[in-house]
Amino acid sequence: MTDEDEAAFDEFLAARSTALLRTAILVCGASAVDAEDMVQSALEKVYRHWPRIRHDNPEAYARRVVVNGAISRARRRKVIREITFAQPPETPVESPDLGLREVLLAELRKLPARMRAVLVLRYWEDLSEAETAALLGCSVGTVKSQAARGLARVRARMENLEGASA
Amino acid sequence: MNVEEALRDAMAAQVAGVHASPYLGQSVRRRSRRATVRFRTAGAAVLTAAVAVGVPVAMTAQPGTDPVAGGLAGPGTGAGAGVAAPGTATPSETGSGDTIAVPEGVVPDVVGKSAGDVMTLLDEAGYTVRIVKVVTGDAPEGTVIAQMPAAGTAAPAGAAVMITIATTVVSTSDTAPDAQTSWTPQDLGDLGDGRTLGGVHVGYLPKDLEWGKWSGKDGFGTESYTTSWVEPGQEPGVYSIQLIVYRKEAASLLAKRLRGYAGQGARPVDVDGKRAYLVSLSEGGDRITDGGTRTITWTLASGVGIEVMMSPDYEAKLGRGAADRELRKIAAGVALDR
């Protein structure tokens, strides 16, 4: 690894690590501390192959490692159940939507890890169906059906809630 | 608000306050180096490394990807045979039963059993039990989560079987320096300056290094001998130069690995008239890879193979050119001890 490689890796981290960490949190449903640990181990892989991948879309590679790591970790540890989510401090407690957000996130965490990953990639990362499919190593059809089923479940929960409060 | 919007909004709120630590790069690099060190310093030093890092529980809790697990699988199977596979020690079908049949001379499957039972069992089978504890939330405390060699491996009575036991709490008494003395193997006893082991003498070492005060036998196949040299004051479990002597079965496995390097396009260098490979190796030692551990390895004499590794830290300190020169000088100085 040359000095230039090292410097480029630092630049890459500065630009992308927060986004990767946020995606990891959403996909694996873990706390920031847990997710940071996971992102570190994913980035270690990136670092190990850095001289080879740095000129070849390292962001896509890193995201793939992070998301796959997050999925397998979510499956393995069922962190979804074990870890309670902390509300971010800047969310005002009296926000009228607080209840809705919590409900949606709770529903999101209940989804199977891969389905949740599809929703996060499609609606948080704003990836296209094709990009999501490539990242997860599945077909576009699978992405479509997983997204539709995931959204349907979240929607049902949301309507239920709105129905109750109306 | 439609559901996509609502979800996007909820997700944004969820992670709005999250920022990656400015020390992330440092942590990643440190972790990368440590992983290598852990593998290279063989199984019994694993706890030392894990504890010294002071990691959150989660770090050691992933059997599939964890460098600790890799370290366990590595010395026995990976380093020798070039089939490194963290996960070779995952529970097999037979491990889930309550009774364990123990064919003579074959290591039983003990993964998933309680440590107490396993120690009795292995003891009765005539094996020397080595224990590594790993902090994990994945298995109940006191459960064996990995073993080396893998179940079904032929091993004569008296051979060492290393078991990894899940523990949930890092007790303060486990931290260095106690961990150093209790977990680093001292298989060969006091080697003095550490320069003579396995029937081989190391004539040259960089001046700033001293013996790492540990040695391992058969961690890299039967028979193998290993030790390391460190810069004074280095933390436990870390090495600057590590040397492995391969003999007998281990030597033939190394020879196979050397042929593999030729197959990957490596050009041999000359060490005292012998063909050596000076390459950067993956953690399992079987692949040549950028950013791997700088290693020089060759067959010293019939049935005697040598591998000298330089830690990525030490290499970075010297610079690649000087590092390679030092490795070649060390290699040239290695001779059969008469």
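Our structure is the block above this text.
What you are looking at is a predicted structure, and each value in this text was computed from that prediction instead of being measured.

**Describing the packing of helix α1 (residues 3-28) of chain A against helix α1 (residues 3-15) of chain B**
Taken N-terminus to C-terminus, the directions of α1(A) and α1(B) make an angle of 115°; their axes are 10 Å apart at the nearest point. Here α1(A) and α1(B) pass one another in a crossing that is right-handed. Counting all contacts with α1(A), which are made through Arg22(A), Ile25(A) and Leu26(A), the residues of α1(B) involved are Met11(B), Gln14(B) and Val15(B). Split by residue class, the contact of α1(A) with α1(B) holds 4 nonpolar, 1 polar and 1 charged.

**Quick word on helix α5 (residues 115-124) of chain B**
Residue and element names in this part refer to chain B. Taken together, the buried positions of α5 are occupied by Ala-115, Val-118 and Leu-122. All buried residues of α5 fall inside an arc of 60° around its axis, so they share one side. Opposite the buried face of α5, at more than 90 degrees from it, the exposed residues are Gly-116, Thr-120, Asp-123 and Glu-124. Note on α5: the residue one or two positions beyond its end, Gly-126, has a positive phi of about 90°.

**Concerning the packing of α1(A) against helix α2 (residues 32-48) of chain A**
Residue and element names in this part refer to chain A. Between α1 and α2, whose axes approach to 9 Å, the crossing angle comes to 135°. What the angle tells us is that α1 and α2 run oblique. Relative to α2, α1 is oriented so that their crossing is right-handed. Within the contact between the two elements, α1 uses Phe-9, Leu-20, Leu-21, Ala-24, Ile-25 and Cys-28 and α2 uses Ala-32, Ala-35, Glu-36, Met-38, Val-39 and Tyr-47. Tallied by class, the residues present in the contact of α1 with α2 amount to 11 nonpolar, no polar and 1 charged.

**Examining the environment of Gly25(B)**
Residue placement: Gly25(B) occurs in helix α2 (residues 24-40). Once you skip the residues sitting within four places of it in the chain, Gly25(B) turns out to touch Phe9(A), Asp10(A) and Leu13(A).

**Focus on the pairing of strand β11 (residues 293-301) of chain B**
All names here are of chain B. Burial analysis of β11 places 7 of its 9 residues in the buried class, which makes it a mostly covered element. Here 6 bridges tie strand β10 (residues 274-281) to β11, and the two strands are oriented antiparallel to one another. The residue bridging Val-279 from the neighbouring strand is Thr-295, located in β11. As judged from the 7 bridges shared by β11 and strand β12 (residues 304-310), these two strands associate in the antiparallel manner. When the sheet's bridge partners are listed, Ile-296 is paired in β12 with Val-308. Between β11 and β12, which pair antiparallel in sequence order, lie 2 residues; one of them, Gly-303, sits at a positive phi of approximately 75°.

Cut-off values and rules
- Residues numbered from 1 in each chain as written.
- Chains lettered and ligands numbered in written order.
- Predicted model: local features only at pLDDT ≥ 70, side-chain atom pairs only at ≥ 80, totals over all residues.
- Axes fitted to C-alpha atoms, helices over the stretch in contact; angles between N-to-C directions.
- Helix = DSSP H or I, 4+ residues; strand = E, 2+ residues; numbered from the N terminus.
- Left-handed = near helix turned anticlockwise from the far one by under 90°.
- Contact = placed C-beta atoms within 7 Å.
- Nonpolar A, V, L, I, M, F, W, Y, C, P; charged D, E, K, R; others polar.
- Buried ≥ 20, exposed ≤ 12 C-beta atoms within 10 Å, placed from the backbone.
- Arc of directions from axis to C-beta.
- Parallel < 35°, antiparallel > 145°, perpendicular 65-115°, else oblique.
- Pairing = 2+ DSSP bridges.

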